[in-house]
Every structure is written in C-alpha cells, then in structure tokens.
Amino acid sequence: MKMINKAFAKKLFGTKYERLTKSFCIWLLVFAGLRIADVRVEIAPFIRYLMTGTFTAGVMWQALSSKNNADSMQNMFMIPFEGREFIFSYTASLGAYTIFTKTAALLSVLFAVSVWNPAEICIGILCAVDTALITAAIFSTRKYWYVGGLWGAAAIAAVLFIGNGIWIALFLIGNGTLAVMILRNADGYSFYLEERENGHAIKGHKRHCVWRYFFRYLMSHKNYLWNTIILWCVAFILPFWFKQMGNLSVIPIGFAILSFNTPVCILLSSAPALEQAVRFLPNQKKAFCIPYCLFLFTCNLAADVIFLSSWQIQNSGVTVSMILIAVLFAMQSAVCSVLLEWFYPVRGWKIESDLWHHPRKYFVPAAMLLLAGAVGTLPMLLIVPVLIVLPAVEIVVLLFA
C-alpha cells in the first residue's frame, strides 16, 4: 500500500512533494493577508460547511474523472495489486490532492474573513474529508447514479437543517463510515474510465472544418458542455440578483461575469497534441485562431443574449447601446482568451482539475470587470470606439506577432 500511495502522490504533488509545500505557502500568505486587512464577513456555519462540501465534491469528481489518471491506472493495472489496497491508496492520494491544493484555498479564505470557534474548524475539516470519501464511493458505484444523487441530496439537506449544531459532526462521521464500507467492497476497476467505442465509423469529409472539431470536442467532453449550459442558466438568473439595484449600469457587470467560461477557453492547453499541430503545421494560426475567436464569441454572445432577454422581461429598459455593448464585450472576451491560449498556454499540469482551477482563468473576467466599471463611469461615445478598435488591434497582434 505504501508503494502505491507513493506512486500516486509523486504524480500529483511532484517527485519531492514540492507542489504541496508551494500550496501551503500560498494559502498561508492568503490567510495572513486577509487577516491583516481585517476583512470580516458574517457567514452562518451551515453555509461554510455547504461551500466546503460542494467545492470539495466538485474538485474530487473532476480528479476521479481525469483522463490522465485513467492512463496512469492503465499502467498500474498491468502489475498485480490488491483491490482494497489499491482503492484506499488511490482515494487517499486524490483526497489529499483535493483538500491540500484546492479546498485549502477556500478554507484559508473562510478562516480569514469569518469568525470560527475550534469546534467549527474541526467540523469544517471533517466536512472536507467526509465529502472526498463520499464522492469516491459514489464514483465507484456511478452505475447506480440515482443512489448517488439521493445520497448527495440527503447530505445537502442535512447540512441545511442541522448544520448549525453539533449533530452535524455525528452525521458526517456516519456518512464517512458508510463511504468507507462501500469502498472496502468496491472493485479497483470501477475507478477506471474506459474509452467508449461508438460502434460505427466517423463520417469522412473532404474539407477540414475547425467548427466541426469544436462541436465534436464539446460532445465528447460532456463536462465542458454542461459548464456552458449552466453558465447560460446563470445568465437567466442574474437579473433576479441585480433587480434590487434597479440600475442599467450593472448590466456590463453581468457581461463580465458571463465571460467566466473556463473550459471552452482552454482548448489548446487541454490538448497538447492539438497545440503542437496548430503551431507546427503551416498557416494554422489564421486557420485555427480566427474560428476559435468566433466560436468563443458565439458562446459568450449566447449567454449575453439570454441575460439581456431575462433583464427585459423582468425589469425592461434594455437599449440599443446595451445590445451593442454586449456584442463588443463578447468579442473582447473571446479575443483576450485566444490571445492567452496562444501566447501563454497552461503547461505542466498533472490532471485536468489543475487546468480548470489555474489562476490564469481569472485574468479575462477580471479585465472584463474593470472594463465594466469603465463603461459605467465614462461616456458611451468614448467607450464604444475603444471597444471596437481594441479587439481589432489584438487580432492583428495575434496574426502577425
């Protein structure tokens, strides 16, 4: 068990566990910075537990679904192994990766900005560990997805109703024990995601089409597709949250939030083979980057149209200038994302979760938020020409740099 643990840990944390040390230093600095800044937010205990649990579950599921992990497991299955030993080593390694490199970031912020007592700190950490175990147990029995769905719903309901009391600790311990029992009887091969064969040949085409590649990529990566659909749902709901402000100046902030579609903005980073082909084959910069810009522009504009339609239905007052701003924001966000992918692709990641949670993903939304602030304060006659000229200049830089 020690050797299997060591193999997985070195893959996730580095040969000398340098990534673990780096993460601890970063989150400690974040905690100290927020404490010194004396930022305080009143958050109910059950909200903190719910945030910790849902975030840990999402990252853990991404790690378990990672294609890179599937490749490593395929190599591991070539040697004799004890099923129970393999399962607990694998779960412990991915759980440690999830909690120490991802959940620790959330906990460092929550610990810094809110008031916790020692019991709540222990329950918060227990919640993270418990969620990692439950997610692994549900993943190993994902064939019975409805059972996992009911289990997750019951856990959320328990946190909502008893999350402010000490009883939540007993519930978490019971849930964790049940997850361990399921993992003890699980098959090691249940964690391996085998590529599915569709049983028929793919129809050939005489001409290449980058758009066809984008749509096939989304259909073969359902999590990317679902992320886009969820973002469109957020676009519909956002006007409910902005309604109390009753001010059209918040609409550009909505456009900035809706540019936060990480998966479709990292196609080159997530597919090293594609990036290598695009960079080395002749005339591929124009052939790939322009359709990629248009693809991202279409995704962004669809979200903005849903947002504006929902705003008009609920609050009315959408003007032609706001529609023009939506188009220009969608284009600016798309061009910035492609520029980042071309000049600063994310490399050296271990599993897809690293890619999804890379700090670079905040650059474009942060820039769009600053731009939204400028739209709300500067005259429209000044902002619109800038939003028209800036993407054009960036595209020229992209094509001729």
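In this text, all values refer to a predicted model and were calculated from it rather than measured experimentally. (Residues numbered from 1 in each chain as written. Predicted model: local features only at pLDDT ≥ 70, side-chain atom pairs only at ≥ 80, totals over all residues. Heavy atoms only, no water.)

Asker: I would appreciate a short explanation of the overall build of the protein chain in the present structure.
Answerer: Along the protein chain, the regular secondary structure elements total 18 helices and zero strands. The buried share of the protein chain, reckoned over its 401 residues, is 43%. For the protein chain, the accessible surface area stands at approximately 21,500 Å², while carbon and sulfur atoms represent 71% of it. (Helix = DSSP H or I, 4+ residues; strand = E, 2+ residues; numbered from the N terminus. Buried < 20%, exposed > 50% of the residue type's maximum accessible area, 1.4 Å probe, protein only. Areas by Shrake-Rupley, 256 points an atom, 1.4 Å probe, with all protein chains shown as cover.)

Asker: What am I meant to see in the environment of threonine 298 here?
Answerer: By secondary structure assignment, the location of threonine 298 is in helix H14 (residues 284-314). Taking relative accessible area as the criterion, threonine 298 reaches 41% and is therefore assigned partly exposed. The spatial distance from the C-alpha of threonine 298 to the C-alpha of alanine 334 is 8.8 Å, given a sequence separation of 36 residues.

Asker: Looking at this structure, I do not really get the pattern of salt bridges. What am I missing?
Answerer: Evaluation of the coordinates by the stated rule reveals three salt bridges. Between glutamate 120 and arginine 48 there is a salt bridge whose closest N-O contact spans 2.7 Å. Taken together, the positions of glutamate 120 in helix H6 (residues 118-140) and arginine 48 in helix H3 (residues 45-64) put the pair 72 residues apart, joining distant regions of the chain. The exposure classification of glutamate 120 matches that of arginine 48, with both residues buried. Arginine 279 serves as the salt-bridge partner of glutamate 275, at 2.9 Å between the closest nitrogen and oxygen. Residue glutamate 275 and its partner arginine 279 are located together in helix H13 (residues 272-280), separated by four residues, close to a single helical turn. (Salt bridge = Lys/Arg side-chain N within 4 Å of Asp/Glu carboxyl O.)

Asker: How do you make sense of the packing of H14 against helix H15 (residues 320-343) when you look at a structure like this?
Answerer: Between two packed helices, the angle of one axis relative to the other and the distance separating the axes together describe the packing. The interhelical angle for the contact between H14 and H15, taken along N-to-C directions, is 140°, at an axis separation of 8 Å. When the interaxial angle is binned, H14 and H15 end up oblique. The interaxial crossing formed by H14 with H15 has right-handed handedness. Class assignment of the residues belonging to the contact of H14 with H15 gives a composition of 17 nonpolar, three polar and three charged. (Axes fitted to C-alpha atoms, helices over the stretch in contact; angles between N-to-C directions. Parallel < 35°, antiparallel > 145°, perpendicular 65-115°, else oblique. Left-handed = near helix turned anticlockwise from the far one by under 90°. Nonpolar A, V, L, I, M, F, W, Y, C, P; charged D, E, K, R; others polar.)

Asker: Sorry if this is basic, but what is going on with a nonpolar patch on the surface here?
Answerer: Nonpolar side chains collect at one region of the surface, where Ile156, Leu160, Phe161, Ile162, Ile166, Trp167, Leu170 and Ile173 lie side by side and expose about 870 Å² of accessible area between them. Listing elements by their share of the nonpolar patch, those giving two or more residues are helix H7 (145-162) and helix H8 (167-184). Considering each element in turn, the nonpolar patch owes the most residues, four residues, to H7. Among the secondary structure elements, leucine 160 is positioned in helix H7. Given a relative accessible area of 41%, leucine 160 falls into the partly exposed group. (Patch = residues over 30% accessible without salt bridge, like charges linked within 9 Å, V, L, I, M, F, W, Y side chains within 5 Å.)

Asker: Hey, could you run me through the side chain of serine 108 in this one?
Answerer: Considering the arrangement of structural elements, one finds serine 108 in helix H5 (residues 83-113). Once residues within four sequence positions are removed from consideration, serine 108 is found in contact with Trp27, Val30 and Phe31. (Contact = heavy atoms within 4.5 Å.)

Asker: Looking at this structure, I do not really get the side chain of threonine 101. What am I missing?
Answerer: The residue threonine 101 is located in helix H5 in this model. The exposure class of threonine 101 is buried, given its relative accessible area of 5%. A distance of 2.4 Å separates a polar side-chain atom of threonine 101 from the backbone oxygen of tyrosine 97. Residues contacting threonine 101, with those up to four places away along its chain left out, are Phe13, Ser23, Trp27 and Ala96. (Polar contact = N/O pair within 3.5 Å; in protein donor to acceptor, adjacent residues only side chain to side chain.)

Asker: Honestly, the packing of aromatic side chains in this entry has me stumped. Any pointers?
Answerer: For any pair of aromatic rings, the description rests on two quantities: the centre-to-centre distance and the angle between the ring planes. All chains considered together, the criterion is met by twelve aromatic pairs. Measuring from ring centre to ring centre gives 5.8 Å for phenylalanine 214 and phenylalanine 288, while their planes differ by 65°; the resulting arrangement is edge-to-face. Residue phenylalanine 214 is found in helix H9 (residues 210-220), and its partner phenylalanine 288 is found in helix H14; the two are separated by 74 residues along the sequence. Each member of the pair phenylalanine 214 and phenylalanine 288 is classed as buried. The interplanar angle of 45° and the centroid separation of 5.4 Å between the aromatic rings of phenylalanine 288 and tyrosine 292 together place this pair among those described as tilted. Here phenylalanine 288 and its partner tyrosine 292 are both found in helix H14, four residues apart, which amounts to about one turn of the helix. According to the relative accessible area criterion, tyrosine 292 is buried, its value standing at 1%. (Phe/Tyr/Trp six-rings, centres within 6.5 Å; stacked < 30°, edge-to-face > 60°.)

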